[in-house]
Amino acid sequence: MNASSKKNIVVFRELPPDQLARLQAAHHVVVADPKHDLAAFDAALPTAHGLIGSSYPVDAALLERAPQLEVISSVSVGVDNYALADLHTRGIVLCHTPGVLDETVADTVFALLMATSRRVVELANLVREGRWTKNIGEDLFGFDVHGKTIGLLGFGRIGQAIARRAALGFGMPVLYHARRPVDLAAQAPELQGRATHTPLNDLLARADFVVAMLPLSDATRGMIDAQLFAAMKPGAIFINGGRGATVNEAALLAALDSGHLRAAGLDVFAKEPLPMDSALRTHPRVTPLPHIGSATHETRHAMAELATTNLLQALAGERPGAVYDTAAV
Ligand code: DGY
């Protein structure tokens, strides 16, 4: 790479050293996390050709301050932090990291299924706090997971990875709601005869576990509301591994407090980190996680590697493997 073909890259969230080195070998790189050093980030924007990072809102005002921008490479599969219509208008390429995190996020969701139904955190605390003084009684029993019906809202790659665990590992009938039925023969043959495309209200009425894996968009914001919670089977457990803002959190709390829902396992929240005054933080029947869906050493590295490759390809004028279609919004 000669000096004239070098571009300016702003790394706005920490990258593993080996991936940072790949960028530095090819381009001019500024590492500036706006959450820690906004002035350095702002100073780098006017000359930036590429941005790479995650978990920071890249809105229209920010894009205006980056007139040379050609590509954003997000170290995430979700793209709700980006002003998609503006990116499309400006012809800025948006890359993301689908595929490499599916199994890990599915593991996290299953951890929440198990934790909520078998009361894992509550009972671990009982042991820790010295309250295990006799055999536990029925009041602390959980409910089985195996053989129960799971209802998936959203049935993309991650939803299908959850469905495989449920159907093949736990003998659970799988219902899913998606805009269109998935061609299981082509995409997930092992789920043929095991996963059923189901109208929303039917799914809500039948599922013991309702698992939301929805991306955040104008269509899904606040979609899981009081009406949907009321339509869930009494005693159902609600799990959210998609995006927090797809849920009306006040309605969720009401459904838990009334006893209509048995429990909730939440990896995502409308506002993150979860505010100290959120009732979801300490609710006895909520298992809250700090958005760890993809947070393993292996998967976070794979995401950073894919995002780095995407960025290098886009800046070299090639079509990256994982471009998000901003025209589709
Ligand atoms: C994603 O990749 O979108 C995960 O939610 C982590 O942010």
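Residues numbered from 1 in each chain as written. Predicted model: local features only at pLDDT ≥ 70, side-chain atom pairs only at ≥ 80, totals over all residues. Heavy atoms only, no water.

Draft legend 1. Geometry of the environment of G151. Mapped onto the elements, G151 comes out in strand 6 (residues 150-153). Its relative accessible area of 0% is what places G151 among the buried residues. Distance in space between the C-alpha atoms of G151 and L126 is 31 Å, their sequence separation being 25 residues. Apart from the residues lying within four places of it in its own chain, the contact partners of G151 are L175, L203, A207, F209, V210 and V211. (Helix = DSSP H or I, 4+ residues; strand = E, 2+ residues; numbered from the N terminus. Buried < 20%, exposed > 50% of the residue type's maximum accessible area, 1.4 Å probe, protein only. Contact = heavy atoms within 4.5 Å.)

Draft legend 2. Inspection of the pairing of strand 6 at higher detail. Judged by which residues are buried, strand 6 turns out to be covered on both faces: I150 and L152 on one side and G151 and L153 on the other are all buried. With respect to chirality, the unit in which strand 6 leads through helix 7 (residues 157-170) into the neighbouring parallel strand 7 (residues 174-177) is right-handed. Here strand 6 pairs with strand 9 (residues 209-212) via four bridges, running parallel. If you follow L152 over to strand 9, its bridge partner there is V211. (Right-handed = clockwise from strand over helix to strand, strands pointing away. Pairing = 2+ DSSP bridges.)

Draft legend 3. Region of interest: the pattern of salt bridges. Inspection of the entire model under this criterion finds eleven salt bridges. Taking the shortest distance from any N to any O, the salt bridge between R131 and E129 comes out at 2.9 Å. Several salt bridges share partner residues, and in doing so they unite E103, D107, R164, R165 and E190 into one network. (Salt bridge = Lys/Arg side-chain N within 4 Å of Asp/Glu carboxyl O.)

Draft legend 4. Quick look at the site of the ligand. Around the ligand, the neighbouring residues are S76, V77, G78, L101, R243, H291, S294 and M303. A distance of 2.7 Å separates an oxygen atom of the ligand from a polar atom in the side chain of R243. Contact between the ligand and H291: an oxygen atom at 2.8 Å from a side-chain N or O atom of the residue. For the ligand, whose unbound accessible area comes to 230 Å², protein coverage reaches 84%. The residue inventory of the shell around the ligand, partitioned by class, reads three nonpolar, four polar and one charged. (Near = heavy atom within 4 Å. Polar contact = N/O pair within 3.5 Å; in protein donor to acceptor, adjacent residues only side chain to side chain. Areas by Shrake-Rupley, 256 points an atom, 1.4 Å probe, with all protein chains shown as cover. Nonpolar A, V, L, I, M, F, W, Y, C, P; charged D, E, K, R; others polar.)

Draft legend 5. Local environment of a nonpolar patch on the surface. Judged by side-chain polarity, V127, W132, I136 and F141 come together as a nonpolar surface patch covering roughly 410 Å² of accessible area. I136 gets classed as partly exposed once you look at its relative accessible area, which sits at 34%. (Patch = residues over 30% accessible without salt bridge, like charges linked within 9 Å, V, L, I, M, F, W, Y side chains within 5 Å.)

Draft legend 6. Geometry of the domain arrangement of the chain. Each assigned domain of the chain is listed with its residue range as follows: domain 1 (3-100 + 298-328) and domain 2 (102-288). Between domain 1 and domain 2, the contact holds six residues from the first and five residues from the second. The contact between domain 1 and domain 2 buries some 490 Å² in all, and 44% of this surface belongs to carbon and sulfur atoms. On the domain 1 side of the interface with domain 2, the three residues burying the most area are D80, G99 and T299, jointly 68% of the side's total. Along the contact surface separating domain 1 from domain 2 lie one salt bridge. With a closest N to O distance of 2.8 Å, R243 and D80 form a salt bridge. (Domains from an automatic or database assignment. Buried area = accessible area lost by both parts, 1.4 Å probe.)

Draft legend 7. Region of interest: the sheet that holds strand 6. In space, the seven strands of this open sheet follow the order 8-7-6-9-10-11-12, with parallel pairing throughout. Looking at strand neighbours, the two that pair on one side only are strand 8 (195-197) and strand 12 (286-288), the edges of this open sheet. Going from strand to strand, the sheet's axes swing by 15 degrees on average, the running direction of each strand aside. Strand direction decides the pairing type here: strand 9 and strand 10 (residues 236-240), joined by four bridges, are parallel. Within strand 10, the residue paired with V210 across the bridge is F238. (Axes fitted to C-alpha atoms, helices over the stretch in contact; angles between N-to-C directions.)

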